[in-house]
Amino acid sequence: MATRSVDSSNPSVESPEPSGLPGWLVVVFIMGAASLVAFFALIHHWQQGRRALDYFGSEAAFAIRHYPEVELLRLNETGPEQDYPVDAEIEPVSGLKIQERHDISEARGLIHFRQALIGDGSYRWPPKNTDTPPAWRWALVVSDPDREDDYTVLIDDSDGHIRGEGKPQPIDCTRIQTGMKKFFEDLGVLED
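Keep in mind that what you see is a predicted model, and the values were worked out from it rather than measured.

Visitor: Kindly report on the pattern of salt bridges, identifying the contributing residues and their values.
Guide: According to the stated counting rule, one finds six salt bridges in the structure shown. Of the charged contacts, one joins Glu100 and Arg74 as a salt bridge, the two residues approaching to 3.3 Å between their closest N and O atoms. With Glu100 in strand β4 (residues 97-103) and Arg74 in strand β3 (residues 69-76), this residue pair connects regions lying 26 residues apart in the sequence. The class of Glu100 is partly exposed, set by a relative accessible area of 25%.

Visitor: Describe the pairing of β3, naming the residues involved and giving the relevant values.
Guide: In terms of burial, β3 is largely enclosed, as six of its eight residues are buried. Where β3 and β4 come together, six bridges link them in antiparallel fashion. Its bridge partner being in β4, Leu73 is matched across the sheet by Arg101.

Visitor: Please provide a residue-by-residue account of the packing of helix α3 (residues 58-66) against helix α4 (residues 110-117), values included.
Guide: For the pair α3 and α4, interaxial distance at closest approach is 8 Å and the crossing angle is 165°. Considered as vectors, α3 and α4 are oriented roughly antiparallel to each other. Note that α3 runs across α4; the crossing there is right-handed. Across from Ala63, Ile64, Arg65 and His66 in α3, the residues of α4 making contact are Ile111, Arg114, Gln115 and Leu117. Of the residues contributing to the contact of α3 with α4, the split by class is four nonpolar, two polar and two charged.

Definitions and limits used
- Residues numbered from 1 in each chain as written.
- Predicted model: local features only at pLDDT ≥ 70, side-chain atom pairs only at ≥ 80, totals over all residues.
- Heavy atoms only, no water.
- Salt bridge = Lys/Arg side-chain N within 4 Å of Asp/Glu carboxyl O.
- Helix = DSSP H or I, 4+ residues; strand = E, 2+ residues; numbered from the N terminus.
- Buried < 20%, exposed > 50% of the residue type's maximum accessible area, 1.4 Å probe, protein only.
- Pairing = 2+ DSSP bridges.
- Axes fitted to C-alpha atoms, helices over the stretch in contact; angles between N-to-C directions.
- Parallel < 35°, antiparallel > 145°, perpendicular 65-115°, else oblique.
- Left-handed = near helix turned anticlockwise from the far one by under 90°.
- Contact = heavy atoms within 4.5 Å.
- Nonpolar A, V, L, I, M, F, W, Y, C, P; charged D, E, K, R; others polar.

Right, dumping it as structure tokens:
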């Protein structure tokens, strides 16, 4: 039991004796708890991009996120061929032709779209074969003229699939399908 001492300047007020843990121990405990929470947050954020990074590869993920030039290509299987050159990564996919090109390098919302493409939460894992082949209507081509390099992502916005350049299997991206369509709508590239 703590004893009380009498304040000599005011005999009617008693001050309690300090009890409990010393202050430095409380500070150490709080710092330890904060460090533990920070560690788990770091692990969580690291794991958020791990599967997408494995799928695309680190260089491709870097390209998707950081290359300065971004084009959105409308693809077409049956329509008239345009005067656009056919990208080597697009042509082998069911003979797709480029119908329209849109430079979206400065588009509003592009940074968020790019981040969604390389985040694990955007996809249903693991990648698997689909019953029907995706209808690739779009291709996102990111490029860096300084590196003389580009990377292409095929997009099926109707059924929600994405396929990275050179990847045999598409990824189910239905989790971001609504946001992707909204982004395309904001760009003014969707047909009415």
